[in-house]
Amino acid sequence: MQNQEDQNKEDKREYNVQIFDLSSEQKNKVTEVVAGFYSLEHANAFAKTYVRDSVERCRIPGASRQEIFDAWSTFGEDAKVVDSQEKENWNSSDSIMMFIENVATPMERDWRALDPRRLVEEDDFPEDDK
């Protein structure tokens, strides 16, 4: 049974998402780490949406599935949830072919809406007492 201190640590845990530039010549290809996700579900949703948008940016009208995959593999971006010991991390290899076969809706591409750097805390705005 967990004690209260252990539960509080779990509740305050943050997840990070690494962004990989697949066109980079660097060995690890990590171009950015997005921090501040407070749940695994939020981090997974961001990573999935980010990759989905990347596939759409690599989609060429009239291209075959293989050509879209090759374009994404060469010029796209991948994302991975890190600092998580859970086995429920979303992995692009599980979804990439579905993304390629099905054009995404604008909502399925809107990773910015899930970006914790854009979330506004209630304390960020002074209260309007007037």
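All values derive from a computational prediction rather than experimental measurement.

## Details of the pattern of salt bridges
Turning to step 1, where the next piece is worked out: Applying the stated criterion to the full structure yields eight salt bridges.
Turning to step 2, where the next piece is worked out: Across the pair E32 and R117 runs a salt bridge whose closest N-O atoms are separated by 2.3 Å. Within this pair, whereas E32 is found in strand β2 (residues 30–37), its partner R117 is found in the segment after α5 (106–109), the two being separated by 85 residues in sequence.
Turning to step 3, where the next piece is worked out: For E56, the salt bridge is made with R59, and the minimal N-O distance between the two is 2.8 Å.
Turning to step 4, where the next piece is worked out: When salt bridges with common partners are traced through the structure, they connect D53, R57, E77 and R109 into a single cluster.

## Points about helix α4 (residues 92–101)
Turning to step 1, where the next piece is worked out: Looking at α4, one finds that the buried residues are S92, S95, I96, F99 and I100. The arc that holds every buried residue of α4, seen down its axis, measures 145°, which confines them to one face.
Turning to step 2, where the next piece is worked out: Tucked into the core, α4 has its buried residues touching α2 (40–58), α3 (65–75) and β3 (77–82).
Turning to step 3, where the next piece is worked out: One side-chain oxygen at the N-terminal end of α4 lies 3.0 Å from the backbone nitrogen of S93; it belongs to N91.

## With respect to the sheet that holds β2
One key point about sheets: their strands pair by backbone hydrogen bonds, in either a parallel or an antiparallel sense.
Turning to step 1, where the next piece is worked out: Read across the sheet, three strands follow the order β2-β1-β3 without closing on themselves; strand pairing throughout is antiparallel. Two strands close off the open sheet at either side, each with one partner strand: β2 and β3. On average, adjacent strands in this sheet sit at an angle of 20° to one another, irrespective of strand direction.
Turning to step 2, where the next piece is worked out: In this sheet, β3 lies alongside strand β1 (residues 15–21) in antiparallel orientation, the contact comprising six bridges. Looking across to β3, one finds that Q18 is bridged to K80.
Turning to step 3, where the next piece is worked out: The strands touched by α2 within the sheet are β1, β2 and β3, with β3 carrying the most contacts at an inclination of about 170°.

## Points about the packing of aromatic side chains
Turning to step 1, where the next piece is worked out: Tallied over the full model, the rule gives six aromatic pairs.
Turning to step 2, where the next piece is worked out: Ring centres 5.8 Å apart and planes at 35° place the aromatic pair F46 and Y50 in the tilted group. Separated by four residues within a single helix, F46 and Y50 lie in helix α2, roughly one turn from each other.
Turning to step 3, where the next piece is worked out: The exposure class assigned to F46 is buried, which follows from its relative accessible area of 0%.
Turning to step 4, where the next piece is worked out: Site record: aromatic cluster; members linked through ring pairs are F37, F46, Y50 and W111.

Calculation criteria
- Residues numbered from 1 in each chain as written.
- Predicted model: local features only at pLDDT ≥ 70, side-chain atom pairs only at ≥ 80, totals over all residues.
- Heavy atoms only, no water.
- Salt bridge = Lys/Arg side-chain N within 4 Å of Asp/Glu carboxyl O.
- Helix = DSSP H or I, 4+ residues; strand = E, 2+ residues; numbered from the N terminus.
- Buried < 20%, exposed > 50% of the residue type's maximum accessible area, 1.4 Å probe, protein only.
- Arc of directions from axis to C-beta.
- Contact = heavy atoms within 4.5 Å.
- Polar contact = N/O pair within 3.5 Å; in protein donor to acceptor, adjacent residues only side chain to side chain.
- Pairing = 2+ DSSP bridges.
- Axes fitted to C-alpha atoms, helices over the stretch in contact; angles between N-to-C directions.
- Phe/Tyr/Trp six-rings, centres within 6.5 Å; stacked < 30°, edge-to-face > 60°.

Just distances and angles here, no functional claims.
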